[in-house]
Amino acid sequence: MNAAAFYILGALVLAGAVAAVGMPRTREAATGLLALTTAAGILAMASSAFFTGAIEIVLSGLAITGIALAIRRGGYGHMAVAPRLSVRSTVLSGAIAAAFVVVLLVALAGNGSDWHSGGGGAALVTLLHYRVPFAAVAAVVALVVGVAGALLVGRPGEDELEYDRTHEARRLREERTERRRSDREAARRRRRASIEGQG
Amino acid sequence: MAGPGHFAVLSALVFGVGLFGVVAHTNVLRLLTALAVMFTAPLIALVGFAQTGRGGAGPPQGDAFAVLALVTIVAEFAAAGGIAVLLWRRTAGAEIDDPAEADPV
């Protein structure tokens, strides 16, 4: 892969990662995450991994959009209100993350250029082959189980629906009572004013 | 020419940024976002390592790994989203500092 293209895409990937983590609002962070996965997908495509890149862009986009829609339409908008990071937690987290990155970079530097060259050996791609579709089936099963589990765990239960109904009925009742009280009060004031006017 | 080393360094940096978010944030959605950033890092490394096998008869092993990892990430992301919604409904809060102390609705 061309070094210039790598550096440009790498900068985009890093910018997306920083935005996903550092943006103050959750919506902006989700947009940053979308930008990160798109840039990483394009990076994969530019490295000739077209299938991986396309899957990364499509699947990640669907997952992020799906969760964002579920939160917005399900009335869980307040969930996205995140407190601002304190200076203390920023410094502590930054130190921990920086230490990890240093460990990783030292390990990589120690490795030199002695990278494994993927020449012969077992071809994992055969696991995705149509004749031996074990890994492909496992991937599809993992995806279906994950989404089904999310729907099962996330959907409101019967008791919660009943609670919501009772809560709403109580709210409406209290609202009605309050309105009647204020109407009575207004009528009393009018009556008093008219009596005083006659007197 | 960008080699696997370049991809590995980029992957380490992205992992570090994600780790920062995981340690710093307490809101469950922000935590999920940071986790997704962390999970993207090995994908970048795998794609980079897969490059070394290309050009000849080398099979794209890294790609196969990356696809499987990606599917697992999306499944995990969906399940974690469901758990986050459940946490919100049960505790009326989205902070993971100490959900046991939150007032149940």
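Scroll up a little and you will see the structure.
All values derive from a computational prediction rather than experimental measurement.

Trainee: Looking at this structure, how should I read the overall build of chain B?
Mentor: Tallying secondary structure elements over chain B gives three helices and zero strands in all. Each helix and strand of chain B, placed in order from N terminus to C terminus, yields the pattern α-α-α. The burial tally for chain B puts 62% of its 105 residues in the buried class. The contacts in chain B between residues at least 6 apart in sequence include a share of 51% that link residues at least 24 apart. By element, 70% of the accessible surface of chain B is carried by carbon and sulfur atoms, the whole surface being about 3900 Å².

Trainee: Looking at this structure, how should I read the packing of aromatic side chains?
Mentor: The geometry of an aromatic ring pair is captured by the separation of the ring centres together with the interplanar angle, meaning the angle of the planes. Throughout the structure, instances matching the rule amount to two aromatic pairs over all chains. Relative to Tyr7(A), the ring of Phe6(A) lies with its centre 5.7 Å away and its plane at 70 degrees, an arrangement referred to as edge-to-face. Here the aromatic cluster, defined as three or more aromatic residues joined through ring pairs, consists of Phe6(A), Tyr7(A) and Phe7(B).

Trainee: Before we go on, may I ask you to explain the nonpolar core in this structure?
Mentor: Generally speaking, soluble globular proteins have nonpolar side chains that are buried together. Leu33(A), Leu43(A), Met79(A), Val14(B), Val37(B), Ile44(B) and Phe77(B) are the most contacted members of the largest nonpolar core, which totals 56 residues. Taken together, the elements giving at least two residues each to this core come down to α1 (3–22), α2 (26–46) and α3 (50–73) of chain A together with α1 (4–24), α2 (28–51) and α3 (61–91) of chain B. Counting residues per element, this core draws most heavily on α3(B), which supplies 12 residues. Aside from chain neighbours lying at most four places away, what touches Phe77(B) is Leu33(A), Ala63(A), Ile64(A), Ile67(A), Leu32(B) and Ala36(B).

Trainee: Any chance you could explain the environment of Arg73(A) here in plain terms?
Mentor: All names here are of chain A. Within the fold, Arg73 resides in helix α3. We classify Arg73 as exposed; its relative accessible area is 72%. Along the backbone, Arg73 and Gln198 are 125 residues apart, and their C-alpha atoms lie at a distance of 57 Å.

Trainee: How should the side chain of Thr26(A) be read in this particular structure?
Mentor: Take Thr26(A): it is sitting in helix α2. Thr26(A) gets classed as buried once you look at its relative accessible area, which sits at 13%. Excluding anything up to four places from it in sequence, Thr26(A) contacts Ala80(A), Ala82(A), Leu29(B) and Arg30(B).

Trainee: Looking at this model, I keep getting lost on the interface of chain B and chain A. Mind explaining?
Mentor: How big an interface is tends to be expressed through the accessible area that disappears when the partners come together. Across the contact, 68 residues belong to chain B and 80 residues belong to chain A. Contact with chain A buries surface across chain B, with Phe20(B), Arg30(B) and Arg89(B) losing the most and accounting together for 11% of the total. Between chain B and chain A we count six residue pairs in polar contact (both at pLDDT 80 or more) in total. Residue assignment for the side of chain B that touches chain A shows that the elements contributing at least two residues are α1, α2 and α3 of chain B. The element best represented in the side of chain B that touches chain A is α3(B), accounting for 23 residues. Residues belonging to the side of chain B that touches chain A are distributed by class as follows: 45 nonpolar, 17 polar and six charged.

Trainee: Hey, could you run me through the packing of α1(A) against α1(B) in this one?
Mentor: The relative placement of two packed helices is expressed as an angle between their axes plus a distance between the axes. Two numbers describe how α1(A) lies on α1(B): the axes approach to 9 Å, and their chain directions differ by 10 degrees. In terms of orientation, α1(A) and α1(B) fall into the roughly parallel class. Contacts between α1(A) and α1(B) involve Phe6(A), Tyr7(A), Gly10(A), Val13(A), Leu14(A), Ala17(A), Val18(A) and Val21(A) from the former and His6(B), Phe7(B), Leu10(B), Leu13(B), Val14(B), Val17(B), Gly18(B), Phe20(B) and Gly21(B) from the latter. Tallied by class, the residues present in the contact of α1(A) with α1(B) amount to 13 nonpolar, four polar and no charged.

So, how was this worked out
Residues numbered from 1 in each chain as written. Chains lettered and ligands numbered in written order. Predicted model: local features only at pLDDT ≥ 70, side-chain atom pairs only at ≥ 80, totals over all residues. Heavy atoms only, no water. Helix = DSSP H or I, 4+ residues; strand = E, 2+ residues; numbered from the N terminus. Buried < 20%, exposed > 50% of the residue type's maximum accessible area, 1.4 Å probe, protein only. Contact = heavy atoms within 4.5 Å. Areas by Shrake-Rupley, 256 points an atom, 1.4 Å probe, with all protein chains shown as cover. Phe/Tyr/Trp six-rings, centres within 6.5 Å; stacked < 30°, edge-to-face > 60°. Core = buried A, V, L, I, M, F, W, Y, C linked by side-chain atoms within 4.5 Å. Buried area = accessible area lost by both parts, 1.4 Å probe. Polar contact = N/O pair within 3.5 Å; in protein donor to acceptor, adjacent residues only side chain to side chain. Nonpolar A, V, L, I, M, F, W, Y, C, P; charged D, E, K, R; others polar. Axes fitted to C-alpha atoms, helices over the stretch in contact; angles between N-to-C directions. Parallel < 35°, antiparallel > 145°, perpendicular 65-115°, else oblique.

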